[in-house]
Amino acid sequence: MSTKELLIIILLMSGTVLPSSLIRAQGQTTLSEALKDCFLIGTAVNEQQIIDKDTLGAQLINRQFNAIVAENCMKSQSLHPEENRYDFGLSDRFVEFGEKNGQTIIGHTLIWHSQLPKWFCTDEEGNNISPDILKKRMKEHITTVVKRYKGRVKGWDVVNEAIEDDGSFRKSKFYEILGEEYIPLAFQYAHEADPEAELYYNDYSMALPGKRAGVVKLVKELKRRGLRIDAVGMQSHFSMNWPSVEEFEKSIIAFAEAGVKVMITELDMTVLPAPKHNIGAEVSASFEYQRSMNPYPKGLPEKIAMAWNKRMESFFALFLKHKEIISRVNLWGATDKDSWRNNWPIKGRTDYPLLFDRNYQPKAVVDFIIQKAQE
Ligand code: G3I
């Protein structure tokens, strides 16, 4: 551990608010400064950062990122745990956090099959509710949440992960009860609640040809019906060997040709071995811990760190190439220690998927991005 790292830990333990010079030298160009004419550069923000328990994390986010997304606190399970009870405590603080720092605030997510409270789609006996009741609940939920942050949240992930890898519709509770109609309905309700808000469709494994085709079809259908959709969010949970830059680029172009902007919404890149091929970012996937599946608990070997930086550079070069189409690039967390990847699909591993390391220090790719953006 370097002297600087040791100093940071001592100061943190004593509760001192650290000067930003300890995070990154004062005067040095930040990501948000360098990328200001290219696209928004954002991150997901977690509870510790919102409530300023992770003070260093909050400072890093304020300095480096000009857009924020709630990693968890705006999901229906958090916001609306019971039919007649909302809990806006943390999401209100999240929005205040962004406003205080002049950041663009993105809402995630209105309709998602996961982190969905039981009451939303089923009755007390666990049976599916009727289509009419579900429409009423969706409308009430979307209207209440979107109206609360009207004029403050710039855009919403209206529907999340509704399309399977082969382009068919995911057979979620929403789909079982309402069929594919639940998607246009969600966009309609969101638009009615805040006509100024941007509306997005967000999904993972977007470089797969089947998923790409399914999403293009959905965008075209929403547009055919005259509904507002501003952008497609490509989650971008990458690994070291998937996707290829070429296949990913095909999707960027296909979505833009369907008439929407593209957002890279949940970018991270794992270096860890996968227990199974092609699980995308399916939250429900879970495998037992084995030591062989956690090869770098004490640090990343230089060779692998270099390969990671190189591959991340290729993706940022691609994003910059398409800066006319891409309106936001959003990391799914600020530092490696924050990443959901440490606990998915196997709990308790040590991963290195983000732009800043566990000591809040930028990786080599950050300088690459800053330079490339200014060329
Ligand atoms: O809230 C409890 C907390 O009280 C408890 O101490 C802690 C102990 O494990 O668990 C906490 O809840 C966890 C929550 O994250 C906050 O850390 C949940 O168990 C865990 O399931 C949840 O995981 C989140 C996951 O979505 C499910 O909502 C991840 O942080 C979050 O990064 C991930 O984000 C999703 C996007 O929303 C959609 N796309 C895929 C992406 C990655 O899965």
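What you see is a predicted model; the values in this text were computed from it and never measured.

**Q** Can you help me understand the site of the ligand in this one?
**A** Lining the immediate environment of the ligand, one finds 14 residues, of which Glu71, Lys75, His108, Glu161 and Glu266 sit closest. Within the contact set of the ligand, an oxygen atom lies 2.4 Å away from a side-chain nitrogen or oxygen of Glu71. Separating a nitrogen atom of the ligand from a side-chain N or O atom of Glu161 is a distance of 2.9 Å. Protein chains shield 52% of the accessible area of the ligand, which is 800 Å² for the free molecule. Split by residue class, the shell around the ligand holds four nonpolar, six polar and four charged.

**Q** When you look at the packing of helix H12 (residues 245-257) against helix H13 (residues 302-321) in this model, what are you seeing that I'm missing?
**A** The description of two helices packed together rests on the angle between their axes and the distance between the axes. Interhelical geometry of H12 versus H13 gives an angle of 25 degrees and a closest axis separation of 11 Å. Put simply, H12 runs roughly parallel to H13. In this structure, H12 meets H13 at a crossing whose hand is right-handed. Touching Val245, Phe248, Glu249 and Ile252 of H12 are Ser314, Phe315, Leu318, Phe319 and Lys321, all from H13. When the residues that make up the contact of H12 with H13 are grouped by side-chain class, the tally is six nonpolar, one polar and two charged.

**Q** Help me understand the environment of Glu82, please; the structure alone is not making it clear to me.
**A** The topology assignment puts Glu82 in the loop between helix H6 (76-79) and helix H7 (89-100). Residues Glu82 and Trp340 lie 258 residues apart in sequence; the distance between their C-alpha atoms is 26 Å.

**Q** Honestly, the nonpolar core in this entry has me stumped. Any pointers?
**A** In summary, soluble globular proteins display a tendency toward joint burial of nonpolar side chains. Counting residues in each nonpolar core, the largest one holds 103 residues, and the members touching the most others are Met138 and Leu355. In terms of residue count, helix H10 (residues 182-193) provides more of this core than any other element does, eight residues in total. Among the nonpolar cores identified, the runner-up in size contains 13 residues, and Val69, Tyr200, Met263 and Trp332 belong to it.

**Q** Sorry, what's going on with the pattern of salt bridges here?
**A** Note on pairing: side chains with opposite charge can pair once their charged atoms come close. All chains considered together, the criterion is met by 24 salt bridges. Overlapping salt bridges bring together Glu181, Glu221, Arg224 and Arg225 as one network.

**Q** Teacher, can you tell me more about the packing of H13 against helix H14 (residues 364-374) here?
**A** Between H13 and H14, the shortest axis-to-axis distance is 9 Å and the interhelical angle comes to 25 degrees. Classified by the angle between their axes, H13 and H14 sit roughly parallel to one another. As for how H13 packs across H14, the hand of that crossing is right-handed. Along its contact with H13, which presents Trp308, Asn309, Met312, Glu313, Phe316, Ala317 and Leu320, the element H14 presents Ala364, Val365, Phe368, Ile369, Lys372 and Ala373. Class assignment for the residues of the contact of H13 with H14 results in 10 nonpolar, one polar and two charged.

**Q** Teacher, can you tell me more about the pairing of strand E9 (residues 326-331) here?
**A** One face of the sheet, then the other: side chains in a regular strand alternate in exactly this way. The element E9 is largely enclosed, with a buried count of five among its six residues. Relative to E9, strand E1 (residues 40-45) runs parallel, the two being bridged by four bridges. Pairing of Gly42 across the sheet is with Asn330, part of E9. With four bridges joining them, strand E8 (residues 261-269) and E9 adopt parallel strand pairing. Pairing of Val262 across the sheet is with Ile326, part of E9.

What counts, and at which threshold
Residues numbered from 1 in each chain as written. Predicted model: local features only at pLDDT ≥ 70, side-chain atom pairs only at ≥ 80, totals over all residues. Heavy atoms only, no water. Near = heavy atom within 4 Å. Polar contact = N/O pair within 3.5 Å; in protein donor to acceptor, adjacent residues only side chain to side chain. Areas by Shrake-Rupley, 256 points an atom, 1.4 Å probe, with all protein chains shown as cover. Nonpolar A, V, L, I, M, F, W, Y, C, P; charged D, E, K, R; others polar. Axes fitted to C-alpha atoms, helices over the stretch in contact; angles between N-to-C directions. Helix = DSSP H or I, 4+ residues; strand = E, 2+ residues; numbered from the N terminus. Parallel < 35°, antiparallel > 145°, perpendicular 65-115°, else oblique. Left-handed = near helix turned anticlockwise from the far one by under 90°. Contact = heavy atoms within 4.5 Å. Core = buried A, V, L, I, M, F, W, Y, C linked by side-chain atoms within 4.5 Å. Buried < 20%, exposed > 50% of the residue type's maximum accessible area, 1.4 Å probe, protein only. Salt bridge = Lys/Arg side-chain N within 4 Å of Asp/Glu carboxyl O. Pairing = 2+ DSSP bridges.

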